[in-house]
Amino acid sequence: MRRPRGEPGSRAPRPTEGATCAGPGESWSPAPNSMLRVLLSAQASSARLSGLLLLPPVQPCCLGPNKWGDHRPPGGGPRAGPVQGLQRLLEQARSPGELLRWLGQNPTKVRAHHYPVALRRLSQLLGSLPRPPPVEQATLQDLSQLIIRNCPSFDIHTIHVCLHLAALLGFPSDGPLICTLEQERRFRLPPKPPPPLPPVLRGGQRLEAALSCPRFQRRPQQHLIRSLAGARPEELTPHVMVLLAQHLARHRLREPQLLEAIAHFLVVQEAQLNSKVVQKLVLPFGRLNYVPLEQQFMPCLERILAREAGVAPLATVNILMSLCQLRCLPFRALHFVFSPGFINHVSGTPHALIVRRYLSLLDTAVELELPGYQGARLPRRQQVPIFPQPLITDRARCKYSHKDIVAEGLRQLLGEEKYRQDLTVPPGYSTDFLLCVSSCGAVLPVRAQDPFLPYPPRSCPRATRDPAQRVVLMLRERWHFCRDGRVLLGSRALRERHLGLMGYQLLPLPFEELESQRGLPQLKGYLRQKLQALGLRWGPEGG
């Protein structure tokens, strides 16, 4: 019985060399914007085209075991079924027209796995033929209708393959084929679970969540203010307020509303707070150089120190350090921490050295800023240098500092013998650059002079003092200020204040002015102007 022409299993007529595979009727050429037109006109390899298709190699269809085994005996055996025969015809197609004709003329034999095979063969053909012949329009229309009718039976992989094929052949994105395949693709995707409802957070919980929000680095104050505004007093816990205080101190955020909220919380919750929590709440006030407007802030701290001083010595000293930066030292607490009993108590603890360093700084503050204090003082044998080395922030950011270029400018301007760099003066404050100046304003060689002023200053008679002045050039880097860039951090302000009270003449070099200098020559001119404004002379005319 003769097989109908075009069915699987029948021998396909072998076209002659150079003949086209288009059947009767008008030929089809891809749309100008279609990917197929680009691929047909490109001199590309099959590997490149396969990469453009973004499809993995398709495994051949498994025929299953039979009486000849898994493979057909060489030279004979029964023919494969029509489905496997069509697959073989697709794999052996010698032109895009022949490939599409096998799919369009055998709709009842086409299975889902034939489309990946056809697409794979199409990519090979497009890569091997430099000028493929045009494709019949009717064949593509038949193929489109065939896919639309059978796509409900496709799996998700076959649907993706058909979408790629349709795009390559230039089918319009709003046409029936693409729309049908997209609809089936969306239908096959697992439904997305509804987004979980956001938990109902109370004010304190909102504030705690805001503190861990990654957007804090961009606009932290606004997040905190909104979260704090929605919190009721009973919802604010010590843990949340400690997180807030630590965040403000760590990021140098001098936000008055938030600092006032911490101060008010401390006053309201005074009875429930111990000194270990209070030291964390007070930390941002000293670091950010901010004295709160809360009237009961200082009396509240004095009561807490009187109650808790003997319980947690390190916490007590930490609180006093913050108050020292604010110039708000309570006399009663100073009497206690300078007493022999307190000093002997902390001497045997693991944090004895840091406590002695803090007590030395408190004693310096008493010497320089509290002339009316008549209580106990730190014994001289217990005193240690306050800051024996540069601060951690300066060491961590030394590569961003202007110190090296300023040092080079001073070396070229004055000479190496006319200044000292990174000199620590009693009682332990580091200086960036120190100059010795005569009474007539001449810059003197530092190594020929005693660079230190006597300390403590009020114990030395004025008549015995060296008439030479000591000028300290202070770098004010960007990180020496609060985030707003206008207020010095508490530790920096304390150092400059104490150096000035000891008799050193300070010459600040703000970061805005240093950053505006373009190159060493311009910086030298800036330094010359700064030094001459103080009446300093150097060189041949300065002696």
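Below or above, wherever it landed, is the structure these notes cover. As the structure is a computational prediction, the values presented were derived from the model and not from experiment.

Observations concerning the side chain of Ser322
Of note, Ser322 is situated in helix α15 (residues 313-325). Among all residues touching Ser322, those that are not within four sequence positions of it are Val282, Leu283 and Gly286.

Some points on the pattern of salt bridges
Under the counting rule described, the total for this entry stands at 16 salt bridges. Linking Arg188 and Glu184 is a salt bridge whose minimum nitrogen-to-oxygen distance equals 3.4 Å. On the criterion of helical spacing, the pair formed by Arg188 and Glu184 is a turn pair, its members being 4 residues apart in helix α8 (residues 176-188). Glu513 serves as the salt-bridge partner of Lys530, at 3.2 Å between the closest nitrogen and oxygen. Residue Lys530 is located in helix α23 (residues 520-533), and its partner Glu513 is located in helix α22 (residues 511-515); the two are separated by 17 residues in the primary sequence. Of the residues examined, Lys530 reaches a relative accessible area of 22% and is grouped as partly exposed. Three or more residues are tied together by salt bridges with common partners; here these are Glu182, Arg185 and Arg186.

A look at the packing of helix α13 (residues 275-287) against α15
One can describe the packing of α13 onto α15 by two numbers: an axis separation of 8 Å at closest approach and a directional angle of 20°. Classified by the angle between their axes, α13 and α15 sit roughly parallel to one another. Along this stretch, α13 crosses α15, giving a crossing that reads as left-handed. Seen from α13, the contacting residues are Ser275, Lys276, Val278, Gln279, Val282, Leu283, Gly286 and Arg287; seen from α15, they are Leu314, Ala315, Asn318, Ile319, Ser322 and Gln325. Residues of the contact of α13 with α15, tallied by class, amount to 6 nonpolar, 6 polar and 2 charged.

Considering the packing of aromatic side chains
Each aromatic ring pair is described using two quantities: the centre-to-centre distance and the angle formed by the ring planes. Applying the stated criterion to the full structure yields 6 aromatic pairs. Ring geometry for Phe285 versus Tyr290: centroids 6.5 Å apart, planes at 35°, classification tilted. Considered together, Phe285 and Tyr290 belong to a single accessibility category, that of buried residues. Seen in terms of ring centroids, Phe481 and Phe511 are 5.6 Å apart; in terms of plane orientation they differ by 65°. Their pairing is edge-to-face. Of the two residues, Phe481 sits in the loop between β6 (469-476) and α21 (490-501) while Phe511 sits in helix α22, which places them 30 residues apart along the sequence. Like Phe511, Phe481 is buried. The structure contains a cluster of three or more aromatic residues connected by ring pairs, namely Phe285, Tyr290 and Phe297.

What counts and how
Residues numbered from 1 in each chain as written. Predicted model: local features only at pLDDT ≥ 70, side-chain atom pairs only at ≥ 80, totals over all residues. Heavy atoms only, no water. Helix = DSSP H or I, 4+ residues; strand = E, 2+ residues; numbered from the N terminus. Contact = heavy atoms within 4.5 Å. Salt bridge = Lys/Arg side-chain N within 4 Å of Asp/Glu carboxyl O. Buried < 20%, exposed > 50% of the residue type's maximum accessible area, 1.4 Å probe, protein only. Axes fitted to C-alpha atoms, helices over the stretch in contact; angles between N-to-C directions. Parallel < 35°, antiparallel > 145°, perpendicular 65-115°, else oblique. Left-handed = near helix turned anticlockwise from the far one by under 90°. Nonpolar A, V, L, I, M, F, W, Y, C, P; charged D, E, K, R; others polar. Phe/Tyr/Trp six-rings, centres within 6.5 Å; stacked < 30°, edge-to-face > 60°.

Interpretation in functional terms is not warranted from these geometric data alone.
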